[in-house]
Amino acid sequence: MVNLPKPDLEDLRARAAQRPRQINLPKLPFDIRWPELPETNFLALQEWMPTLVHVLRRFMPDEYAQRRLENLWARGTEFLGCKYAILGGAMTWVSEANLVAAISNAGGFGVLASGSMPPEFLRVEIQKTREKTSQPFGVNLITMHPQLDALIKICGEEKISHVVLAGGLPTVASIKKLKEHGCKVIAFAPALVLAKKLIKSGVDALVIEGHEAGGHIGPVSTSVLAQEILPHIKEVPVFVAGGIGRGEAIAQYLEMGASGVQLGTRFVCAAECIAHPKFKQAFIKAEARDATPSVQIDPRFPVIPVRGVQNEGTKNFTEMQLSVIKKYESGELDMKAAQLEIEHFWAGALRRAVVDGDVETGSVMAGQSVGMVKKIEPCADIIGELVAQTLVTLALQTKI
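Residues numbered from 1 in each chain as written. Predicted model: local features only at pLDDT ≥ 70, side-chain atom pairs only at ≥ 80, totals over all residues. Heavy atoms only, no water.

Draft legend 1. Examining the sheet that holds strand β12 (residues 291–293) more closely. A sheet is described by the order of its strands in space; here three strands give the open sequence β9-β13-β12, paired in antiparallel fashion. Looking at the sheet topology across the chains shown, the edges are occupied by β9 (215–216) and β12. Alignment of β12 against strand β13 (residues 306–309), held across three bridges, turns out to be antiparallel. Opposite P293, over in β13, you have R307 as the bridge partner. (Pairing = 2+ DSSP bridges. Helix = DSSP H or I, 4+ residues; strand = E, 2+ residues; numbered from the N terminus.)

See the structure below:
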């Protein structure tokens with residue numbers, strides 16, 4: 001048995017007198033205040049506060065969850081200027097004016113995919129988007145684009161508030177030019193060391209995207225990247241992406257320290273998306289296991305991993321690599337020609353799938369969350385469902 005010393009009541013009263021007569025509970029949907037509380041009762045109430053908090057969380061879970069969610073992604077919503085810290089992933093040929101405006105109008109943050117657009121095409125697409133929404137939206141620029149500086153200039157002239165730099169590590173010069181135009185810069189960080197480097201280079205926010213994402217992917221899963229990066233990056237908002245298809249995952253990453261999330265695959269089957277009906281049906285029919293990375297046959301001929309739904313095109317790509325390797329080994333092709341032949345296989349394949357509906361030989365880029373895409377529905381319903389699931393998850397935590 002442990003003999004505890006008797007409490008020094010005089011000392012407790014003295015310390016209580018130095019404390020403010022107000023108890024704030026930031027996790028509750030309101031503040032509790034005890035004005036002019038006598039010292040003796042104040043001490044007694046302090047002992048009951050944990051019980052009071054538990055009771056309020058237990059019997060007011062919806063109000064608690066709403067306030068909790070607002071607090072968790074407050075940094076993200078403030079940074080983006082929207083109601084929900086949900087970024088629309090920029091998908092070439094998919095994330096154009098209609099879809100981007102619909103995401104922003106639904107409370108999220110739409111992002112235009114500039115892809116390989118020439119500068120003036122980007123200007124037109126920005127203006128089309130502005131005609132469809134008065135809400136903020138961003139533009140995604142590919143760092144390897146040969147006219148990147150001209151695209152940056154267009155974003156500045158069109159007063160774009162946020163620019164996402166993708167497709168490689170952005171240069172300090174590109175970041176500086178965007179910030180001189182008044183743009184907030186968001187970049188992708190596939191590792192902690194690169195996240196720190198990007199912050200030093202001046203980016204205003206980061207996206208950490210895992211292996212489960214659609215399109216071009218890195219080697220590390222979203223859950224591992226989140227554990228690696230979120231505890232150590234506090235200087236800027238961090239948005240998590242890759243394989244997110246439900247609100248339960250959103251709640252998890254927000255609790256881990258994310259300022260928001262980015263989703264692409266879930267929005268392909270939005271009613272406002274202009275993708276070909278066959279492209280959308282390919283998403284609806286697919287399961288998570290159907291979205292696989294492109295296969296590299298020989299390390300001498302590197303293949304940039306791209307995740308998409310398996311089809312005849314993916315099978316043909318494997319056969320073509322084997323054929324090219326045989327030609328190289330027989331001397332029919334040199335190393336450079338063989339590599340170019342492999343790289344050019346998918347040229348125009350994404351457009352064929354998205355625009356023309358060729359989902360057999362085209363590239364049906366999709367993340368593993370494609371298994372959660374079950375129907376065509378408005379953007380507002382998709383975002384509403386995600387937020388509702390997030391709130392339910394947070395509300396359930398109050399009942400523990």
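From this point, the narrative continues.
Draft legend 2. Looking closely at helix α9 (residues 192–201). Residues of α9 that are buried include every one of L192, A195, L198, I199 and S201, and no others. Tucked into the core, α9 has its buried residues touching α8 (172–180), β7 (184–188), β8 (205–209) and α10 (222–229). Following α9 by one or two positions, G202 has its phi on the positive side, about 110°. (Buried < 20%, exposed > 50% of the residue type's maximum accessible area, 1.4 Å probe, protein only. Contact = heavy atoms within 4.5 Å.)

Draft legend 3. Looking closely at the nonpolar core. By size, the foremost hydrophobic cluster in this structure holds 98 residues, and its most contacted members are L141, L206 and F279. The element best represented in this core is helix α16 (residues 379–397), accounting for eight residues. Contact partners of L206, with chain neighbours within four places excluded, come to I186, A187, A189, A195, L198, I199, I233, V236, P237, V238 and F239. In this structure, M320, I325, A338 and I342 belong to the second largest nonpolar core, which totals nine residues. (Core = buried A, V, L, I, M, F, W, Y, C linked by side-chain atoms within 4.5 Å.)

Draft legend 4. Fine view of the pattern of salt bridges. Evaluated as defined, the whole model comprises 17 salt bridges. Here E248 and R246 are joined by a salt bridge, their closest N and O atoms 2.9 Å apart. The class of E248 is partly exposed, set by a relative accessible area of 36%. In this structure R246 comes out as partly exposed when scored by relative accessible area, which is 37%. Between D298 and R300 there is a salt bridge, with its nearest N and O atoms 2.6 Å apart. Looking at R300, the relative accessible area reads 38%, which means it is partly exposed. One salt-bridge network, held together by shared partners, links E120, R123, R130, E157 and E158. (Salt bridge = Lys/Arg side-chain N within 4 Å of Asp/Glu carboxyl O.)

Draft legend 5. The packing of aromatic side chains, seen in detail. Under the defined criterion, the tally for this structure stands at seven aromatic pairs. Each ring, one from F279 and one from F283, has its centre 5.0 Å from the other, and the planes form 45°; the classification is tilted. Taken together, the residues F279 and F283, both in helix α12 (residues 277–285) and four residues apart, mark about one turn of the helix. A relative accessible area of 0% places F283 in the buried class. With 5.2 Å between their ring centres and 40° between their planes, F317 and F345 make a pair best called tilted. Here F317, found in helix α13 (residues 312–330), pairs with F345, found in the loop between α14 (335–343) and α15 (349–354); they are 28 residues apart in sequence, far enough to count as distant. Residue F345 is classed as partly exposed on the basis of its relative accessible area, which comes to 26%. Chaining the aromatic ring pairs together yields one cluster made of F317, F345 and W346. In this structure, R351 packs its charged tip against the face of W93, placed 5.2 Å from the ring centre. (Phe/Tyr/Trp six-rings, centres within 6.5 Å; stacked < 30°, edge-to-face > 60°. Lys NZ or Arg CZ within 6 Å of the ring centre and 35° of its normal.)

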